[in-house]
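Here are the chains, one letter per residue:
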Amino acid sequence: MTTSFASAQYKPNDAGSSVQFKIRNLGFNVNGSFTGLDGSIRFNPDSLAVSNFDVSVDANSINTDNNMRDNHLRNDSYFDVKNYPRIHFVSTKIAPSNKKETWIMFGNLTIKNKTKEISFPFTAIPSMDGYQFKGAFKLNRRDFGVGGASTISDELELLLSVLSKKL
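This structure is a prediction, so every number in the text was calculated from the model and none was measured.

Details of the overall build of the protein chain
Then comes step 1: Each helix and strand counted, the protein chain has two helices and eight strands in total.
Then comes step 2: Taking 167 residues into account, the globule formula puts the C-alpha radius of gyration at 15 Å, and the protein chain, at 16 Å, falls close to it.
Then comes step 3: Taken over the C-alpha atoms alone, the protein chain extends approximately 50 × 30 × 25 Å along its principal axes.
Then comes step 4: Relative to its 167 residues, the protein chain shows a buried fraction of 41%.
Then comes step 5: A total of about 9300 Å² of accessible surface is found on the protein chain, and carbon and sulfur atoms cover 51% of it.
Then comes step 6: Here the protein chain contributes 20 positive and 16 negative side-chain charges, whose respective centroids are spaced 2 Å apart.

Pasting the structure below:
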């Protein structure tokens, strides 16, 4: 293994990526997404100790295909995008899983200046000059002070597909 390969750095490509969520509101499923993905990724499946992710999305980019709802979600009782413009994730550890080509990501997710430890399985599919990372996890919106006592479900699911390009 060469040092340059071990420290290969990648940048998430917003145009080739998707950050989607699913949540129930008044008994109906609501789907949405975020854009503005940015950050840095170091990933080497043969050297997980040097691998790490530091990525964020633009909270103001929330899109549920309903402008009135999206504007409501941007206000201070939900994402408070004026004071907290980014949703940020930093990995703390990447470990192998018992499934081939699947790893476990551990890290800190920060929304509205509240940070929680999360973990989730992900895959990394090599592309021409990077990787396509895919993963999904559930979280409780109340852990981050999002939405208060509203009619939406406490639990939501995030679905990630992050295309990265080698720097």
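Remarks on the packing of aromatic side chains
A ring pair, where both rings are aromatic, is described by two values, the distance of the centres and the angle of the planes.
Then comes step 1: Considering all chains together, one arrives at 15 aromatic pairs under this definition.
Then comes step 2: For the pair phenylalanine 89 and phenylalanine 120, a centre-to-centre distance of 6.1 Å together with 55 degrees between the ring planes defines the contact as tilted. Of the two residues, phenylalanine 89 is situated in strand β4 (residues 86-96) and phenylalanine 120 in strand β6 (residues 114-127); the sequence distance between them amounts to 31 residues.
Then comes step 3: The side chain of lysine 93 reaches across the aromatic face of phenylalanine 106, ending 5.4 Å from its centre.

Quick word on the side chain of serine 17
Then comes step 1: Secondary-structure assignment places serine 17 in strand β1 (residues 9-25).
Then comes step 2: Classification of serine 17 by relative accessible area gives buried; the value is 17%.
Then comes step 3: At a separation of 2.8 Å, a polar atom in the side chain of serine 17 contacts the main-chain amide nitrogen of leucine 163.
Then comes step 4: Non-local contacts of serine 17, meaning those with residues more than four positions away in its chain, are made with Leu37, Ser161, Val162 and Leu163.

A closer look at the pattern of salt bridges
Then comes step 1: Summed over all chains, the structure comprises four salt bridges.
Then comes step 2: Across the pair aspartate 129 and lysine 165 runs a salt bridge whose closest N-O atoms are separated by 3.6 Å. Placement of the pair is aspartate 129 in the loop between β6 and β7 (130-140) and lysine 165 in strand β8 (residues 155-166), with a sequence separation of 36 residues.
Then comes step 3: The partner of aspartate 154 in a salt bridge is arginine 142, with the nearest N and O atoms 2.7 Å apart. Of this pair, aspartate 154 sits in the loop between β7 and β8 while arginine 142 sits in the loop between β7 and β8, and the two are twelve residues apart along the sequence.
Then comes step 4: Among the residues examined, aspartate 154 registers a relative accessible area of 31% and is labelled partly exposed.
Then comes step 5: Among the charged side chains, a salt-bridge network with shared partners connects Arg141, Arg142 and Asp154.

Digging into the layout of surface pockets
Then comes step 1: In this model, the largest pocket occupies a volume close to 690 Å³.
Then comes step 2: In terms of lining residues, the largest pocket is bounded by 43 residues, among which Val19, Phe21, Phe34, Ile87 and Leu158 are the most central.
Then comes step 3: In the lining of the largest pocket, the residues fall into 32 nonpolar, eight polar and three charged.

Remarks on the nonpolar core
Soluble globular proteins: nonpolar side chains tend toward being buried together.
Then comes step 1: By size, the foremost hydrophobic cluster in this structure holds 41 residues, and its most contacted members are Phe43, Phe53, Phe79, Leu109, Phe122 and Phe133.
Then comes step 2: Those elements that place two or more of their residues in this core are β1, β2 (28-42), β3 (52-63), β4, β5 (102-111), β6, β7 and β8.
Then comes step 3: A total of five residues in this core trace back to one element, the largest contributor, which is β3.
Then comes step 4: Those residues within four positions of leucine 109 in sequence are excluded, and the remaining contacts are Ile87, His88, Phe89, Lys114, Thr115, Lys116, Ile118, Phe137, Leu139 and Phe144.

Definitions and cut-offs
- Residues numbered from 1 in each chain as written.
- Predicted model: local features only at pLDDT ≥ 70, side-chain atom pairs only at ≥ 80, totals over all residues.
- Heavy atoms only, no water.
- Helix = DSSP H or I, 4+ residues; strand = E, 2+ residues; numbered from the N terminus.
- Rg over C-alpha atoms; globule rule 2.2 N^0.38 Å.
- Buried < 20%, exposed > 50% of the residue type's maximum accessible area, 1.4 Å probe, protein only.
- Areas by Shrake-Rupley, 256 points an atom, 1.4 Å probe, with all protein chains shown as cover.
- Lys, Arg positive; Asp, Glu negative; His and termini not counted.
- Charge placed at Lys NZ, Arg CZ, Asp CG, Glu CD.
- Phe/Tyr/Trp six-rings, centres within 6.5 Å; stacked < 30°, edge-to-face > 60°.
- Lys NZ or Arg CZ within 6 Å of the ring centre and 35° of its normal.
- Polar contact = N/O pair within 3.5 Å; in protein donor to acceptor, adjacent residues only side chain to side chain.
- Contact = heavy atoms within 4.5 Å.
- Salt bridge = Lys/Arg side-chain N within 4 Å of Asp/Glu carboxyl O.
- 1 Å grid on protein atoms, 1.4 Å probe; cavity = no way out; pocket = protein on both sides within 12 Å on 5 of 7 lines; lining within 4 Å.
- Points joined across faces, edges and corners; volume = space filled by probe spheres on them.
- Nonpolar A, V, L, I, M, F, W, Y, C, P; charged D, E, K, R; others polar.
- Core = buried A, V, L, I, M, F, W, Y, C linked by side-chain atoms within 4.5 Å.

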